[in-house]
Amino acid sequence: DQQVKQNSPSLSVQEGRISILNCDYTNSMFDYFLWYKKYPAEGPTFLISISSIKDKNEDGRFTVFLNKSAKHLSLHIVPSQPGDSAVYFCAARSRVFQGGSEKLVFGKGMKLTVNP
Amino acid sequence: DSGVTQTPKHLITATGQRVTLRCSPRSGDLSVYWYQQSLDQGLQFLIQYYNGEERAKGNILERFSAQQFPDLHSELNLSSLELGDSALYFCASSLPGQSGANVLTFGAGSRLTVL
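Please read these numbers as outputs of a predicted model, since none were measured by experiment. (Residues numbered from 1 in each chain as written. Chains lettered and ligands numbered in written order. Predicted model: local features only at pLDDT ≥ 70, side-chain atom pairs only at ≥ 80, totals over all residues. Heavy atoms only, no water.)

### Examining the environment of A:Asp55
Residues and elements named next belong to chain A. Worth spelling out the cut-off: Helix and strand definitions here come from DSSP, where helices need a minimum of 4 consecutive H or I residues and strands a minimum of 2 consecutive E residues; each element is numbered from the N-terminal end. Between two residues, a contact is recorded if the distance between any of their heavy atoms is within 4.5 Å.
Mapped onto the fold, Asp 55 is located in the loop between β5 (45-51) and β6 (56-59). Linking Asp 55 and His 72, residues 17 residues apart in sequence, is a C-alpha distance of 10 Å. Not counting residues within four places of it along the chain, the set of residues in contact with Asp 55 comprises Ile 50, Val 64, Phe 65 and Leu 66.

### A few points about the interface of chain B and chain A
Our working definition: Here the quantity called buried area is the total loss of accessible area, with a 1.4 Å probe, experienced by two parts when brought into contact, counted for both. One side-chain nitrogen of Lys or Arg within 4 Å of one carboxyl oxygen of Asp or Glu is enough to make a salt bridge.
The interface of chain B with chain A comprises 24 residues on the first partner and 22 residues on the second. Three residues stand out in chain B for area buried against chain A, namely B:Leu43, B:Ala101 and B:Phe106, and they jointly supply 27% of the buried area on that side. Viewed at the interface, chain A and chain B are joined by zero salt bridges. Looking at the side of chain B that touches chain A, the elements that each hand over two or more residues are β4 (31-37), β5 (43-50) and β6 (53-57) of chain B.

### A short note on the sheet that holds strand β7 (residues 64-68) of chain B
Residues and elements named next belong to chain B. Rules: By the convention used here, strands pair only if DSSP detects at least 2 bridges between them. Note on geometry: axes are lines fitted to C-alpha atoms, helical ones only across the stretch in contact, with angles between N-to-C directions running from 0 to 180 degrees.
One open sheet accounts for four strands, arranged β1-β3-β8-β7; its pairing is antiparallel. With one partner strand each, in any of the chains shown, β1 (5-7) and β7 form the two edges of the open sheet. Sheet twist, expressed as the average angle between the axes of neighbouring strands with direction ignored, equals 15°. In terms of strand pairing, β7 meets strand β8 (residues 74-78) through five bridges, oriented antiparallel. The partner of Ala 66 across the bridge, within β8, is Leu 76.

### Looking at the environment of B:Gly3
With respect to the helices and strands, B:Gly3 occurs in the segment before β1. Every residue in contact with B:Gly3, bar those within four places of it in the chain, is listed here: B:Ser24, B:Pro25 and B:Arg26.

### What to know about the sheet that holds β6(A)
Residues and elements named next belong to chain A. Reading across from one edge, β1-β3-β8-β7-β6 is the order of the five strands in this open sheet, with antiparallel pairing throughout. What marks the edges here is a single partner per strand, and that holds for β1 (4-5) and β6. By the bridge criterion, two bridges tie β1 to strand β3 (residues 19-25) in an arrangement that is antiparallel. Along β3, the bridge assignment pairs Lys 5 with Asp 24.

### Focus: the nonpolar core
Short version of the rule: Grouping buried Ala, Val, Leu, Ile, Met, Phe, Trp, Tyr and Cys residues that are joined through side-chain atoms within 4.5 Å yields what is termed a nonpolar core. Summary of the burial criterion: residues with accessible area below 20% of their type's maximum are buried, those above 50% are exposed, and those between are partly exposed, where the area comes from a 1.4 Å probe applied to protein chains only.
Grouped together as the largest cluster of nonpolar side chains are 25 residues, with contacts concentrated most on A:Phe33, A:Trp35, A:Leu73, A:Leu75 and A:Tyr88. Ranked by residues supplied to this core, first place goes to strand β9 (residues 86-94) of chain A with four residues. For A:Tyr88, the residues in contact, after removing those within four places along its chain, are A:Gln6, A:Leu21, A:Trp35, A:Tyr36, A:Lys37, A:Leu47, A:Leu75, A:Ile77, A:Gly109, A:Met110 and A:Leu112. Formed by 20 residues, the second largest nonpolar core is a distinct cluster that contains B:Leu21, B:Phe64, B:Ala66 and B:Ala87.

### So, the state of the cysteines
What counts here: Two cysteine sulfurs form what is called a disulfide whenever their separation falls within 2.5 Å.
Scanning all chains against the criterion turns up two disulfides over all chains. Through a disulfide, A:Cys23 is tied to A:Cys90; the S-S separation comes to 2.0 Å. Between A:Cys23 and A:Cys90, the S-S dihedral sits near -75°, and the bridge is therefore left-handed. Highlighted residues: A:Cys23 in strand β3 and A:Cys90 in strand β9, separated in sequence by 67 residues. Residue classification places A:Cys90 among the buried positions, given a relative accessible area of 0%. A sulfur-sulfur separation of 1.8 Å characterises the disulfide bridge that pairs B:Cys23 with B:Cys91. Because the sign of the S-S torsion sets the handedness, a value of about -60° for the bond joining B:Cys23 and B:Cys91 places this disulfide among the left-handed ones. Pair noted here: B:Cys23 is in strand β3 (residues 19-24) and B:Cys91 is in strand β9 (residues 87-94), with a separation of 68 residues, a long-range link. On the accessibility criterion, B:Cys23 (0% relative accessible area) is buried.

### Points about the packing of aromatic side chains
Using the following cut-off: Within 6.5 Å between ring centres, the rings of Phe, Tyr and Trp (the latter by its six-membered ring) count as paired, and their orientation is classed by plane angle as stacked under 30 degrees, edge-to-face over 60, tilted in between.
One pass over the structure, following the stated rule, counts 13 aromatic pairs over all chains. Aromatic side chains A:Phe106 and B:Tyr35 sit 5.3 Å apart centroid to centroid with 85° between the ring planes, which places their arrangement in the edge-to-face category. Separated into two different chains, A:Phe106 in strand β10 (residues 104-106) and B:Tyr35 in strand β4 make up a pair that spans both. When sorted by exposure, A:Phe106 lands in the same class as B:Tyr35, which is buried. Consider the rings of B:Phe90 and B:Phe106, whose centres lie 6.2 Å apart with planes at 85°: the pair is edge-to-face. Residue B:Phe90 is found in strand β9, and its partner B:Phe106 is found in strand β10 (residues 105-106); the two are separated by 16 residues along the sequence. B:Phe90 sits in the buried class, given a relative accessible area of 0%. Looking at B:Phe106, the relative accessible area reads 2%, which means it is buried. Each residue in the set A:Tyr36, A:Phe46, A:Phe89, A:Phe106, B:Tyr35, B:Phe45, B:Phe90 and B:Phe106 is aromatic and connected to the rest through ring pairs, giving one cluster.

Laid out in C-alpha coordinates, this is it:
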(Lines give C-alpha, C1' and ligand atoms only; values in the text may rest on other atoms or scores of the structure.)
Protein backbone atom coordinates (compact mmCIF):
# COMPACT_ATOMS: atom_id res chain seq x y z
CA ASP A 1 0.00 0.00 0.00
CA GLN A 2 1.68 3.16 -1.19
CA GLN A 3 0.99 5.97 1.24
CA VAL A 4 2.77 8.65 -0.77
CA LYS A 5 2.14 8.81 -4.48
CA GLN A 6 3.78 10.74 -7.25
CA ASN A 7 1.66 9.74 -10.19
CA SER A 8 3.62 11.44 -12.94
CA PRO A 9 7.03 9.88 -13.56
CA SER A 10 8.43 12.81 -15.49
CA LEU A 11 7.99 16.45 -16.40
CA SER A 12 9.72 18.60 -18.98
CA VAL A 13 9.61 22.40 -18.90
CA GLN A 14 11.37 25.29 -20.55
CA GLU A 15 13.91 27.36 -18.68
CA GLY A 16 12.29 30.34 -17.00
CA ARG A 17 8.84 28.74 -16.82
CA ILE A 18 7.14 27.28 -13.77
CA SER A 19 7.58 23.64 -12.79
CA ILE A 20 4.78 22.08 -10.74
CA LEU A 21 5.39 18.71 -9.13
CA ASN A 22 2.48 16.97 -7.47
CA CYS A 23 2.18 14.50 -4.64
CA ASP A 24 -0.77 12.74 -3.01
CA TYR A 25 -0.89 10.94 0.31
CA THR A 26 -3.32 8.70 2.13
CA ASN A 27 -2.24 8.74 5.78
CA SER A 28 -3.81 11.56 7.79
CA MET A 29 -1.26 10.96 10.58
CA PHE A 30 1.53 12.58 8.57
CA ASP A 31 2.66 15.78 10.29
CA TYR A 32 5.45 16.97 8.02
CA PHE A 33 5.98 16.79 4.32
CA LEU A 34 9.32 17.17 2.63
CA TRP A 35 10.73 17.40 -0.85
CA TYR A 36 14.08 15.94 -1.74
CA LYS A 37 16.09 16.40 -4.91
CA LYS A 38 18.37 13.73 -6.30
CA TYR A 39 21.07 14.05 -8.94
CA PRO A 40 22.54 10.94 -10.60
CA ALA A 41 25.19 9.16 -8.54
CA GLU A 42 24.31 11.20 -5.46
CA GLY A 43 22.06 10.70 -2.50
CA PRO A 44 18.82 12.66 -2.11
CA THR A 45 19.25 16.14 -0.68
CA PHE A 46 16.66 18.05 1.30
CA LEU A 47 14.94 20.87 -0.53
CA ILE A 48 11.99 22.20 1.44
CA SER A 49 9.43 21.07 3.99
CA ILE A 50 6.02 22.05 5.26
CA SER A 51 4.22 21.35 8.50
CA SER A 52 0.73 19.89 8.34
CA ILE A 53 -0.56 22.97 10.18
CA LYS A 54 0.45 25.24 7.33
CA ASP A 55 -0.70 25.49 3.75
CA LYS A 56 2.29 27.19 2.17
CA ASN A 57 6.01 27.44 2.67
CA GLU A 58 8.34 29.42 0.46
CA ASP A 59 12.11 29.36 0.10
CA GLY A 60 13.50 31.39 -2.76
CA ARG A 61 12.37 29.91 -6.04
CA PHE A 62 10.73 26.96 -4.31
CA THR A 63 7.24 26.98 -2.80
CA VAL A 64 5.36 24.03 -1.38
CA PHE A 65 1.57 24.09 -1.09
CA LEU A 66 -0.41 21.74 1.11
CA ASN A 67 -4.10 20.96 0.70
CA LYS A 68 -5.01 18.76 3.66
CA SER A 69 -8.62 18.23 2.69
CA ALA A 70 -7.47 16.81 -0.64
CA LYS A 71 -4.40 15.11 0.88
CA HIS A 72 -2.34 16.76 -1.82
CA LEU A 73 0.80 18.80 -1.94
CA SER A 74 2.71 20.41 -4.73
CA LEU A 75 6.13 21.90 -5.29
CA HIS A 76 6.39 24.98 -7.47
CA ILE A 77 9.72 26.04 -8.91
CA VAL A 78 9.76 29.52 -10.41
CA PRO A 79 11.65 30.29 -12.53
CA SER A 80 12.91 26.86 -13.50
CA GLN A 81 16.61 26.55 -14.33
CA PRO A 82 18.52 23.80 -16.16
CA GLY A 83 20.33 23.01 -12.89
CA ASP A 84 16.98 22.03 -11.41
CA SER A 85 16.94 18.97 -13.67
CA ALA A 86 16.88 16.06 -11.23
CA VAL A 87 14.59 13.47 -9.69
CA TYR A 88 12.33 14.95 -7.03
CA PHE A 89 10.96 12.85 -4.20
CA CYS A 90 8.00 13.73 -2.06
CA ALA A 91 8.21 12.39 1.50
CA ALA A 92 5.98 12.38 4.55
CA ARG A 93 6.61 11.83 8.24
CA SER A 94 4.28 10.10 10.69
CA ARG A 95 3.09 12.11 13.65
CA VAL A 96 3.63 9.46 16.31
CA PHE A 97 6.98 9.49 18.02
CA GLN A 98 8.05 6.57 20.14
CA GLY A 99 11.35 7.12 21.83
CA GLY A 100 13.07 8.44 18.77
CA SER A 101 11.17 6.35 16.28
CA GLU A 102 10.69 8.37 13.17
CA LYS A 103 10.65 7.50 9.54
CA LEU A 104 9.99 9.16 6.24
CA VAL A 105 7.75 7.55 3.64
CA PHE A 106 8.82 8.42 0.12
CA GLY A 107 7.05 8.53 -3.19
CA LYS A 108 8.56 6.95 -6.30
CA GLY A 109 9.98 10.20 -7.54
CA MET A 110 9.50 12.39 -10.58
CA LYS A 111 12.18 13.24 -13.10
CA LEU A 112 12.20 16.93 -13.93
CA THR A 113 13.97 18.11 -17.06
CA VAL A 114 14.43 21.83 -17.58
CA ASN A 115 15.36 22.61 -21.15
CA PRO A 116 17.54 25.66 -21.94
CA ASP B 1 29.77 15.99 0.72
CA SER B 2 26.71 15.39 2.92
CA GLY B 3 28.75 14.13 5.85
CA VAL B 4 27.20 10.65 5.61
CA THR B 5 29.71 8.13 4.30
CA GLN B 6 28.73 4.85 2.69
CA THR B 7 31.02 2.06 1.58
CA PRO B 8 31.39 0.39 -0.79
CA LYS B 9 30.03 2.57 -3.59
CA HIS B 10 29.61 -0.38 -5.89
CA LEU B 11 29.42 -4.09 -5.22
CA ILE B 12 28.90 -6.98 -7.61
CA THR B 13 28.27 -10.43 -6.23
CA ALA B 14 26.53 -13.69 -7.01
CA THR B 15 23.24 -15.15 -5.88
CA GLY B 16 23.41 -16.89 -2.55
CA GLN B 17 26.25 -14.74 -1.29
CA ARG B 18 26.34 -12.38 1.69
CA VAL B 19 27.46 -8.75 1.72
CA THR B 20 27.85 -6.01 4.29
CA LEU B 21 27.19 -2.35 3.61
CA ARG B 22 28.67 0.23 5.92
CA CYS B 23 27.51 3.68 6.92
CA SER B 24 29.08 6.42 9.01
CA PRO B 25 26.52 9.03 10.03
CA ARG B 26 27.01 12.77 10.03
CA SER B 27 28.84 14.02 13.09
CA GLY B 28 26.40 14.56 15.95
CA ASP B 29 23.56 12.54 14.45
CA LEU B 30 22.30 9.70 16.61
CA SER B 31 19.91 8.00 14.21
CA VAL B 32 20.74 5.95 11.17
CA TYR B 33 18.19 4.89 8.59
CA TRP B 34 18.52 2.41 5.75
CA TYR B 35 16.54 2.73 2.54
CA GLN B 36 16.42 0.57 -0.57
CA GLN B 37 15.78 1.97 -4.04
CA SER B 38 15.04 -0.66 -6.67
CA LEU B 39 14.43 0.04 -10.34
CA ASP B 40 11.34 2.21 -10.84
CA GLN B 41 10.67 2.19 -7.11
CA GLY B 42 10.85 4.94 -4.60
CA LEU B 43 12.93 4.85 -1.50
CA GLN B 44 11.68 1.95 0.59
CA PHE B 45 12.34 2.29 4.31
CA LEU B 46 14.12 -0.71 5.77
CA ILE B 47 15.11 0.05 9.34
CA GLN B 48 16.07 2.80 11.79
CA TYR B 49 18.54 2.72 14.65
CA TYR B 50 18.79 5.34 17.36
CA ASN B 51 21.88 5.48 19.53
CA GLY B 52 22.55 1.79 19.06
CA GLU B 53 19.01 0.49 19.41
CA GLU B 54 16.50 -0.51 16.78
CA ARG B 55 13.67 2.03 16.72
CA ALA B 56 11.56 1.43 13.63
CA LYS B 57 11.28 -1.34 11.12
CA GLY B 58 9.93 -1.21 7.61
CA ASN B 59 9.79 -3.73 4.82
CA ILE B 60 13.05 -5.40 5.68
CA LEU B 61 13.41 -9.02 4.65
CA GLU B 62 14.39 -11.66 7.18
CA ARG B 63 17.54 -12.29 5.11
CA PHE B 64 18.60 -8.73 5.91
CA SER B 65 19.82 -7.49 9.24
CA ALA B 66 21.41 -4.34 10.55
CA GLN B 67 23.07 -2.97 13.63
CA GLN B 68 24.42 0.29 14.96
CA PHE B 69 27.67 0.19 16.87
CA PRO B 70 28.76 2.26 19.92
CA ASP B 71 30.62 4.68 17.64
CA LEU B 72 27.25 5.13 15.85
CA HIS B 73 28.31 3.69 12.52
CA SER B 74 25.92 1.14 11.10
CA GLU B 75 26.12 -1.97 8.97
CA LEU B 76 23.45 -3.55 6.80
CA ASN B 77 23.96 -7.25 6.22
CA LEU B 78 22.31 -8.88 3.23
CA SER B 79 22.46 -12.66 3.01
CA SER B 80 21.31 -15.42 0.65
CA LEU B 81 21.24 -12.78 -2.03
CA GLU B 82 18.76 -13.00 -4.87
CA LEU B 83 18.65 -11.23 -8.21
CA GLY B 84 15.83 -9.02 -6.91
CA ASP B 85 18.09 -7.64 -4.19
CA SER B 86 19.98 -5.65 -6.80
CA ALA B 87 19.33 -2.05 -5.85
CA LEU B 88 20.73 1.16 -4.49
CA TYR B 89 20.98 1.09 -0.72
CA PHE B 90 20.98 4.47 0.98
CA CYS B 91 21.93 5.29 4.50
CA ALA B 92 20.67 8.49 6.10
CA SER B 93 21.25 10.06 9.48
CA SER B 94 19.51 12.59 11.66
CA LEU B 95 19.18 13.85 15.19
CA PRO B 96 15.52 12.97 15.88
CA GLY B 97 13.39 14.38 18.61
CA GLN B 98 14.04 17.94 17.55
CA SER B 99 11.27 20.33 16.66
CA GLY B 100 10.60 20.76 13.00
CA ALA B 101 10.83 18.36 10.14
CA ASN B 102 13.83 16.29 11.34
CA VAL B 103 15.56 16.36 8.00
CA LEU B 104 17.37 13.20 7.01
CA THR B 105 20.80 13.60 5.46
CA PHE B 106 21.58 10.90 2.91
CA GLY B 107 24.80 9.31 1.83
CA ALA B 108 25.62 8.74 -1.84
CA GLY B 109 24.44 5.14 -1.68
CA SER B 110 25.86 1.68 -2.29
CA ARG B 111 24.91 0.09 -5.58
CA LEU B 112 24.53 -3.66 -5.24
CA THR B 113 24.38 -5.86 -8.31
CA VAL B 114 23.55 -9.53 -7.84
CA LEU B 115 24.38 -11.74 -10.83
